[in-house]
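An overview of the molecular structure
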Amino acid sequence: LTSFGITPTIGNPVSVVKDSNALNVLIIKTQEAFQSGIIYTFCSENVADNSGNLSAMDCTELFLTVSPSPGDLYINEILFNPNTGGADFIELINTSEKFISLKNVSITNALNGQKDEIENDLVLLPNEILAFTEDVENQIDTYQSPFPQNIIFQNLPSFNADEGNISMFVESNTGKILLDSFDYSEDLHFVLLDTPKGVSLEKINPTAETNASGSWQSASESVRFASPGYANSNFFTPSQGESRIHFENHVFSPNGDGEKDFLIISFNLETPGYLANVKIFDDRGYPVKELSSNQLIGSNSFITWDGITDEGASADIGIYIVLIELIDVNGIVEQMKKSIVLADFLD
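Here is a short report on the structure shown in this document.

1. Comments concerning the overall build of the protein chain
- Counting its regular elements, the protein chain contains one helix and 26 strands.
- Summarising its shape, the C-alpha atoms of the protein chain cover approximately 90 × 50 × 35 Å along the three principal directions.
- Within the protein chain, the fraction of its 347 residues that count as buried is 43%.
- Taking the intrachain contacts of the protein chain between residues at least 6 apart in sequence as the baseline, contacts between residues at least 24 apart amount to 59%.
- For the protein chain, the exposed area adds up to about 17600 Å²; of that, 49% sits on carbon and sulfur atoms.
- Of the side-chain charges in the protein chain, 16 are positive and 49 negative, and the distance between the mean point of each set is 5 Å.

Written out as structure tokens, the structure reads:
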């Protein structure tokens, strides 16, 4: 008896007919539509060919791919000032639960109008990361990525070594859709780097506002200053607990080792529209750093400090006080003080 089965189940086939254009193809209609983000196992048995021979049990995996929508695909890392003889790279991450097809996705420099469409018919699985470059071997040799298969050859627009733009679009039936855009600058690098050459900028959290202050950090020395094709050395997920203001690491050591290199203040607010004033004082009460001044923050957002003072120098090891002032849409002011520890610093 001919049988077909799909796991997870989407119901028994509604119809099974031969394709009139290809006699070795069956068209199977299911009761429910396939959902992207789910891997289905399709099994068949006792299917007769034209001579009446019956097939043995055979199973294969199926999944549905979809084009990305805004909020599915983000720019996750960029190297725009490579070492001499090296090449740029751009890293993308799928933050959705869908299987994303990169067909019709293009990488663009919005400042000079150069555009390159992703050439391979690639699929990004949920949380998967791919880096694109014109010199795969150089990236593997330079940065020793543990996932070299995630570094893909791709023609890229030219990017200025000091500042510029990288944007990502997808062509749809309704036109060109912007997926993400980043106005990068070497000023976003850690100020005490000997040189930004060969150092990538990593996004701290993939879904954070791309051009928000503090969303990007220099890749740490522990990953040779770039992490193409795998999780960023500076990656973190904001806490989603009950605390409205949460310090991810009140003891931090900005020494470039990839472990608690900066202070992270997470906000889990009931509504958006708050203005935030955040200042750092030393243990004698002298102001050291103004992290934000009337900055509009989202209900789930974060502010970081890399241990650099307003004068551009490294802060001394010791205890500091963070003063946070939140102002809601009605002008009501809420204040909070928190002590933090700067444990050590990059020599």
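2. Looking at a nonpolar patch on the surface
- A cluster of nonpolar side chains, Val 17, Val 25 and Ile 27, forms an exposed patch at the surface whose accessible area comes to about 220 Å².
- What makes Val 17 partly exposed here is its relative accessible area of 42%.

3. Observations regarding the pattern of salt bridges
- Within this structure, the stated rule accounts for five salt bridges.
- Among the salt bridges present, the one from Asp 310 reaches Lys 289, with a minimum N-O distance of 3.9 Å. Within this pair, whereas Asp 310 is found in the loop between β24 (300-305) and β25 (318-327), its partner Lys 289 is found in strand β23 (residues 287-297), the two being separated by 21 residues in sequence.
- Residue Asp 310 is classed as partly exposed on the basis of its relative accessible area, which comes to 45%.

4. A short note on the state of the cysteines
- Taken as a whole, this structure holds one disulfide when the rule is applied.
- Each sulfur in the disulfide pair Cys 43 and Cys 59 lies 2.0 Å from the other. Its torsion about the S-S bond being 110 degrees, the disulfide of Cys 43 and Cys 59 is classed as right-handed. Residue Cys 43 is found in strand β4 (residues 40-45), and its partner Cys 59 is found in strand β5 (residues 58-62); the two are separated by 16 residues along the sequence.

Calculation criteria
- Residues numbered from 1 in each chain as written.
- Predicted model: local features only at pLDDT ≥ 70, side-chain atom pairs only at ≥ 80, totals over all residues.
- Heavy atoms only, no water.
- Helix = DSSP H or I, 4+ residues; strand = E, 2+ residues; numbered from the N terminus.
- Buried < 20%, exposed > 50% of the residue type's maximum accessible area, 1.4 Å probe, protein only.
- Contact = heavy atoms within 4.5 Å.
- Areas by Shrake-Rupley, 256 points an atom, 1.4 Å probe, with all protein chains shown as cover.
- Lys, Arg positive; Asp, Glu negative; His and termini not counted.
- Charge placed at Lys NZ, Arg CZ, Asp CG, Glu CD.
- Patch = residues over 30% accessible without salt bridge, like charges linked within 9 Å, V, L, I, M, F, W, Y side chains within 5 Å.
- Salt bridge = Lys/Arg side-chain N within 4 Å of Asp/Glu carboxyl O.
- Disulfide = S-S within 2.5 Å.

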